[in-house]
Amino acid sequence: MNKKQVLNLLGLAQRARKITTGEDLVLKKIQKHQAQIVFLAADCGQTTQKKFSDKCQSYQVPLATNFTRAELSVAIGQVRSVIAVTDSGFGKKLKSLLFSE
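Described in the following lines is the structure provided in the data block. In this text the structure is predicted, and so the values were computed from the model without any measurement. (Residues numbered from 1 in each chain as written. Predicted model: local features only at pLDDT ≥ 70, side-chain atom pairs only at ≥ 80, totals over all residues. Heavy atoms only, no water.)

### Notes on the packing of helix α1 (residues 3-15) against helix α5 (residues 88-99)
Right, on to step 1. With their axes 10 Å apart at the nearest point, α1 and α5 run at an angle of 170 degrees to one another. Judged by the angle between their axes, α1 and α5 are roughly antiparallel. For the pair formed by α1 and α5, the contact residues are Q5, V6, L9, L10, L12 and A13 on the first element and F90, K93, L94, L97 and L98 on the second.
Right, on to step 2. Tallied by class, the residues present in the contact of α1 with α5 amount to nine nonpolar, one polar and one charged. (Axes fitted to C-alpha atoms, helices over the stretch in contact; angles between N-to-C directions. Helix = DSSP H or I, 4+ residues; strand = E, 2+ residues; numbered from the N terminus. Parallel < 35°, antiparallel > 145°, perpendicular 65-115°, else oblique. Contact = heavy atoms within 4.5 Å. Nonpolar A, V, L, I, M, F, W, Y, C, P; charged D, E, K, R; others polar.)

Written as structure tokens, this is what we have:
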């Protein structure tokens with residue numbers, strides 16, 4: 001997996017306004033089946049990790065936890081620990097980069 005490539009693509013999705021950030025908004029996107037892939041910071045709290053891993057599992061949304069809060073924040077230019085990609089094109093490319101190995 002090429003971390004730099006994934007983070008660059010995430011930044012591109014942010015500039016294209018194809019991502020949603022913040023816990024409550026991301027949860028809503030998952031429940032409405034609008035989230036293609038969810039990024040959760042590896043260093044976020046235990047309850048947050050459990051909440052999102054359970055939600056993503058029950059709604060069959062891929063969950064990526066290989067990045068720190070700092071890496072995700074730098075990629076999108078905002079301090080965030082949870083990000084949902086809502087565009088199918090970006091989602092497909094990110095899934096192939098993250099889970100193809």
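Next comes the rest of the account.
### A short note on the nonpolar core
Right, on to step 1. Residues L10, I30, V38, F39, L72, V85 and L94 are the most contacted members of the largest nonpolar core, which totals 32 residues.
Right, on to step 2. The set of elements that each furnish at least two residues to this core consists of α1, α2 (23-31), β2 (37-40), α3 (46-58), α4 (69-76), β4 (82-85) and α5.
Right, on to step 3. Here the element with the most residues in this core is α1; it accounts for five residues.
Right, on to step 4. Excluding its chain neighbours within four sequence positions, the residues that come into contact with F39 are V6, L10, A64, F67, L72, S81, V82, I83, V85, L94 and L98. (Core = buried A, V, L, I, M, F, W, Y, C linked by side-chain atoms within 4.5 Å. Buried < 20%, exposed > 50% of the residue type's maximum accessible area, 1.4 Å probe, protein only.)

### Section: α5
Right, on to step 1. Over its 12 residues, α5 runs 16 Å from end to end, which matches the ideal 16 Å to within 8%, given 1.5 Å per residue.
Right, on to step 2. Residues of α5 that are buried include every one of F90, G91, L94, L97 and L98, and no others. Along the long axis of α5, the arc covered by the buried residues comes to 135 degrees, so they all point the same way.
Right, on to step 3. Looking at the packing, one finds that the buried side of α5 touches α1, β2, β3 (63-64) and β4. (Expected span 1.5 Å × (residues − 1). Arc of directions from axis to C-beta.)

### Here's the deal with α2
Right, on to step 1. Buried residues of α2: V26, L27 and I30, and no others. Looking straight down α2, one finds its buried side chains confined to an arc of 105 degrees; they lie on one side.
Right, on to step 2. Check the buried side of α2 and you find it contacts β1 (19-21), β2, α3 and β4.
Right, on to step 3. After α2 finishes, the residue H33 shows a positive phi value of roughly 60 degrees.

By themselves these figures say nothing about function.
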